[in-house]
Amino acid sequence: MNQRVHKTKIQLRFSDIDMLRHVNNAKFATFMENARMQFYRDLLAQQHDWNETGLIIARLEFDFKIPVFLNDDFYVETWVSAIGSKSVTFDYRFMVDTDTGSIVKATGKSVVVCFHYKQETSIPVPQLWKDKINIFQG
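Remember, predicted model here, so these are calculated numbers, not experimental data.

Trainee: Help me understand the packing of aromatic side chains in this model?
Mentor: Per the stated rule, a full pass over the model turns up 18 aromatic pairs. Ring geometry for Phe 28 against Phe 74: centres 6.2 Å apart, planes inclined by 75 degrees, an arrangement best described as edge-to-face. A residue pair is termed long-range when its members are at least 10 positions apart, and Phe 28 in helix α1 (residues 27-44) and Phe 74 in strand β3 (residues 73-83) qualify at 46 residues. Judged by relative accessible area, Phe 28 falls into the buried class, the value being 3%. Here Tyr 92 and Phe 94 contribute two aromatic rings whose centre-to-centre distance is 6.3 Å and whose plane-to-plane angle is 20 degrees, an arrangement assigned as stacked. On the basis of relative accessible area, Phe 94 is assigned to the buried category, the value being 0%. Sitting above the plane of the Tyr 75 ring, Lys 7 keeps its charged end 4.1 Å from the centroid.

Trainee: What should I look at first to understand the environment of Ile 133 in this one?
Mentor: In this structure, Ile 133 sits in helix α2 (residues 127-137). Judged by relative accessible area, which is 2%, Ile 133 ranks as buried. Contact partners of Ile 133, with chain neighbours within four places excluded, come to Phe 39, Tyr 40, Leu 43, Val 80 and Ile 83.

Trainee: What's the story with α1 in this structure? I'm lost.
Mentor: Relative to the 26 Å expected for 18 residues at 1.5 Å per residue, α1 spans 26 Å between its end C-alpha atoms, a close match to the ideal helical length. Buried residues of α1: Phe 28, Phe 31, Met 32, Ala 35, Arg 36, Met 37, Phe 39, Tyr 40, Leu 43 and Leu 44, and no others.

Trainee: Got a minute to help me understand the packing of α1 against α2 in this structure?
Mentor: Think of two packed helices as two axes; the pair is described by the angle between the axes and how far apart they sit. For the pair α1 and α2, the least separation of the axes is 10 Å and the interaxial angle reads 95 degrees. It follows that α1 is roughly perpendicular to α2 by the angle criterion. Contact residues: Phe 39, Tyr 40, Leu 43 and Leu 44 in α1; Leu 128, Trp 129, Lys 132, Ile 133, Phe 136 and Gln 137 in α2. Taken together, the residues of the contact of α1 with α2 break down into 8 nonpolar, 1 polar and 1 charged.

Rules of the game
Residue indices follow the written sequence of each chain, beginning from 1 at its first position. In view of the model being predicted, local features appear only for residues whose pLDDT reaches at least 70, and side-chain atom pairs are presented and counted only at 80 or more, with totals across whole chains, interfaces and linings using the full set of residues. In computing side-chain properties, one takes all heavy atoms of the structure into account and sets aside hydrogens as well as water. Centres within 6.5 Å are what make two rings of Phe, Tyr or Trp a pair, Trp counting through its six-membered ring; a difference in plane orientation under 30 degrees is then read as stacked, over 60 as edge-to-face, and the rest as tilted. By the criteria applied, helices consist of DSSP H or I runs no shorter than four residues and strands consist of E runs no shorter than two, each listed in order from the N terminus. For the exposure calls, accessible area comes from a 1.4 Å probe over protein chains only, and a residue counts as buried if that area is under 20% of its type's maximum, exposed if over 50%, partly exposed in between. Geometrically, a lysine NZ or arginine CZ counts as sitting over a ring once it is within 6 Å of the ring centre and also within 35 degrees of the ring normal. Between two residues, a contact is recorded if the distance between any of their heavy atoms is within 4.5 Å. A helix is expected to span 1.5 Å multiplied by its residue count minus one. Here an axis means a line fitted to C-alpha atoms, over the contact stretch when the element is a helix, while the angle between two N-to-C directions is reported on a 0 to 180 degree scale. Throughout this description, any angle smaller than 35 degrees is read as roughly parallel, any larger than 145 degrees as roughly antiparallel, any in the 65 to 115 degree range as roughly perpendicular, and the remainder as oblique. In this classification, the charged set is Asp, Glu, Lys and Arg, the nonpolar set is Ala, Val, Leu, Ile, Met, Phe, Trp, Tyr, Cys and Pro, and all remaining amino acids, among them Gly, are polar.

Here is the structure:
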């Protein structure tokens, strides 16, 4: 991957851990949401009113490789792999830093649709978003 990725540090909580003593797989959807929203906050700053228009989830997928544990130095790398007329596809790597390097614990993908909440309809991806994503990722 030659494009720039966005990095979001995830603070793991005791409540994220299941009976097998690792982070429960269901938590990864929340981690993905946190990373995606931080990506948008960092790219768009305060230039968007999330109360009127935003994103809805059309698809989530995960591939789990190695369990994540409570004391892991955990973060998510996020990038946009495709922009459609009304949707944006995000890819994710769920990472842990160790003394010997970074380890991919899981990967994921989400497809989000741009949506007007008051009109309850999908809308085109704003040109500003396309421009800022292209500039950020190179």
